[in-house]
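Tertiary structure, described
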Amino acid sequence: MLASYTDEQLLQELERRKQPPIKIVPVLVENPDFTPLIELCKTYIKEVSINGIEDDSDWRYWFYETILTAVYGKNIFEWINTVKR
């Protein structure tokens, strides 16, 4: 598995792990726009009613992404990716 990474990538990751954890926590959006979430809900229900759902893992991710973006703003995943270890 490590063979798929260059030495430079591995060194960068080691340096990143030496850094102190980011203490800044995202702030809620003052006036969240839930329109994309509502539209996603409508699309999901329509899709389920027409085709049924066997595996909804993609839908779960889309809901997760849409909810966090609505509540914390479009840059929330940049923050999440910086604090993931």
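Everything here concerns the structure above.
Residues numbered from 1 in each chain as written. Predicted model: local features only at pLDDT ≥ 70, side-chain atom pairs only at ≥ 80, totals over all residues. Heavy atoms only, no water.

Quick look at the packing of helix α2 (residues 35-51) against helix α3 (residues 57-72) now. Taken N-terminus to C-terminus, the directions of α2 and α3 make an angle of 165°; their axes are 9 Å apart at the nearest point. Accordingly, the angle class assigned to the pair α2 and α3 is roughly antiparallel. Note that α2 runs across α3; the crossing there is left-handed. Only W59, W62, F63, T66 and I67 of α3 make contact with α2, whose side of the interface consists of P36, L37, L40, C41, T43, Y44 and E47. (Axes fitted to C-alpha atoms, helices over the stretch in contact; angles between N-to-C directions. Helix = DSSP H or I, 4+ residues; strand = E, 2+ residues; numbered from the N terminus. Parallel < 35°, antiparallel > 145°, perpendicular 65-115°, else oblique. Left-handed = near helix turned anticlockwise from the far one by under 90°. Contact = heavy atoms within 4.5 Å.)

Attention shifts here to the pattern of salt bridges. Where charged atoms of side chains with opposite charge meet at close range, the side chains can pair. Applying the stated criterion across every chain yields a total of five salt bridges. Between E13 and R16 there is a salt bridge, and its shortest N-O distance comes to 2.7 Å. Of the two residues, E13 and R16 are both situated in helix α1 (residues 7-18); the distance of three residues between them amounts to about one turn of the helix. We note a salt bridge from E13 to R17, for which the minimum N-O separation is 2.7 Å. Placement of both E13 and R17 in helix α1 is noted, with a separation of four residues, approximately one turn of the helix. Through salt bridges that share partners, E13, R16 and R17 make up one connected network. (Salt bridge = Lys/Arg side-chain N within 4 Å of Asp/Glu carboxyl O.)

This part covers the nonpolar core. In this structure, L37, L40, Y44, W59 and F63 together form the largest nonpolar core, which totals five residues. Where this core is concerned, the elements lending two or more residues are α2 and α3. Counting residues per element, this core draws most heavily on α2, at three residues. Aside from chain neighbours lying at most four places away, what touches L40 is W59, W62, F63 and T66. (Core = buried A, V, L, I, M, F, W, Y, C linked by side-chain atoms within 4.5 Å. Buried < 20%, exposed > 50% of the residue type's maximum accessible area, 1.4 Å probe, protein only.)

In a regular helix each residue adds 1.5 Å, so 16 residues correspond to 22 Å; α3 covers 22 Å between its end C-alpha atoms and thus fits that length. Within α3, the full set of buried residues consists of W59, F63, T66 and A70. Each buried residue of α3 lies within a common arc of 70° when the element is viewed along its axis, so the set occupies one face. Residues of α3 that are exposed and angled more than 90 degrees away from the buried face: D58 and R60. In the core, the buried residues of α3 are packed alongside α2. Directly beyond the C-terminal end of α3, a positive phi value near 100° is found at G73. (Expected span 1.5 Å × (residues − 1). Arc of directions from axis to C-beta.)

Shape descriptors only; they carry no functional weight alone.
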